[in-house]
Amino acid sequence: MERTIRQYVDKDLESVLSSWEAATRLAHPFLTEEFLAQERHNIPNMYLPNADTWVVEQDGTVIGFIALIGNEVGAIFVQPDFHSTGAGRALMDQARDLHSVLEVEVFRANAIGRKFYDNYGFQPLSESVHEPTGQELLRLKYTSERAA
């Protein structure tokens, strides 16, 4: 098995959207189809052009991605078949190597994401409500040893 982290290029779009959709449907069953359709439109048109995005490739196939806006993790999604294989951790390690302090928002109802961030070492900062969905959001922060 060969796994690589590299910067996103335009030809990765369909793989990124596929990873996002598969992982989103698993982790966010509470999101409406209308909201998901809007986000699917926003990813290539609003988010990716404004983010520093990295993909994880396994044996030449993109299986996930992380999108950073400064030190904010705007998105991290891995194909569900590759959950718990280290692909998400490899993406987060890339983000940590770029930014010694990271922040992220995660839906309280997203048990998969909350467990991932907890295992990585993120700590709670604040809570709010995500206006478009009415869902509770948790804001988390990670500080690497080199920044502490």
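A brief look at the structure comes next. Everything numeric in this text was worked out from a predicted model, so none of it was measured.

Conventions adopted
- Residues numbered from 1 in each chain as written.
- Predicted model: local features only at pLDDT ≥ 70, side-chain atom pairs only at ≥ 80, totals over all residues.
- Heavy atoms only, no water.
- Phe/Tyr/Trp six-rings, centres within 6.5 Å; stacked < 30°, edge-to-face > 60°.
- Buried < 20%, exposed > 50% of the residue type's maximum accessible area, 1.4 Å probe, protein only.
- Core = buried A, V, L, I, M, F, W, Y, C linked by side-chain atoms within 4.5 Å.
- Helix = DSSP H or I, 4+ residues; strand = E, 2+ residues; numbered from the N terminus.
- Contact = heavy atoms within 4.5 Å.
- Salt bridge = Lys/Arg side-chain N within 4 Å of Asp/Glu carboxyl O.
- Pairing = 2+ DSSP bridges.
- Axes fitted to C-alpha atoms, helices over the stretch in contact; angles between N-to-C directions.
- Parallel < 35°, antiparallel > 145°, perpendicular 65-115°, else oblique.
- Left-handed = near helix turned anticlockwise from the far one by under 90°.
- Nonpolar A, V, L, I, M, F, W, Y, C, P; charged D, E, K, R; others polar.

1. What about the packing of aromatic side chains?
Counted by the stated rule, this structure contains eight aromatic pairs. Ring centres of Tyr120 and Phe122 lie 6.2 Å apart, and the angle between their planes is 45°; this geometry places the pair in the tilted category. Both residues of the pair, Tyr120 and Phe122, count as buried. Aromatic rings pair up to connect Phe116, Tyr117, Tyr120, Phe122 and Tyr142 into one cluster.

2. With respect to the nonpolar core
Ile66, Val73, Met92, Tyr117 and Phe122 are the most contacted members of the largest nonpolar core, which has 21 residues in total. Listed by contribution, the elements that provide at least two residues to this core are β2 (52-58), β3 (61-69), β4 (72-78), α3 (87-98), β5 (101-107), α4 (111-120) and β7 (135-143). Ranked by the residues each element gives to this core, the list is headed by α3, at four residues. Excluding anything up to four places from it in sequence, Val73 contacts Ile66, Ala67, Leu68, Met92, Leu102, Glu103, Val104 and Tyr117.

3. A few points about the pattern of salt bridges
Applying the stated rule across the entire model yields twelve salt bridges. For Glu57, the salt bridge identified is with Arg6, shortest N-O distance 2.9 Å. Remark: Arg6 occurs in strand β1 (residues 3-7) and Glu57 occurs in strand β2; sequence separation between them is 51 residues. Classification of Glu57 as buried rests on a relative accessible area of 16%. Counted as one network, the salt bridges with shared partners bring together Glu21, Arg25, Glu33 and Arg40.

4. Structural notes on the pairing of β2
Extensive coverage of β2 is indicated by the burial of six of its seven residues. Alignment of β1 against β2, held across five bridges, turns out to be antiparallel. Paired with Thr4 across the bridge in β2 is Glu57. In terms of strand pairing, β2 meets β3 through seven bridges, oriented antiparallel. Across the sheet, residue Gln58 finds its bridge partner in β3, namely Thr61. Turn length for the β2-β3 hairpin, with the two strands adjacent in sequence and antiparallel, is two residues, and the turn residue Asp59 shows positive phi of about 50°.

5. Section: the environment of Val9
Along the chain, Val9 falls in the loop between β1 and α1 (13-27). In this structure Val9 comes out as partly exposed when scored by relative accessible area, which is 36%. Sequence separation of Val9 and Leu125 is 116 residues, and the distance between their C-alpha atoms is 33 Å.

6. Remarks on the packing of α1 against helix α2 (residues 33-47)
The interhelical angle for the contact between α1 and α2, taken along N-to-C directions, is 155°, at an axis separation of 11 Å. When the interaxial angle is binned, α1 and α2 end up roughly antiparallel. Between α1 and α2 lies a crossing of right-handed hand. Only Glu33, Leu36, Glu39, Arg40, Ile43 and Pro44 of α2 make contact with α1, whose side of the interface consists of Leu13, Glu14, Leu17, Trp20, Glu21, Thr24 and Arg25. Residue composition of the contact of α1 with α2, by class: six nonpolar, one polar and six charged.

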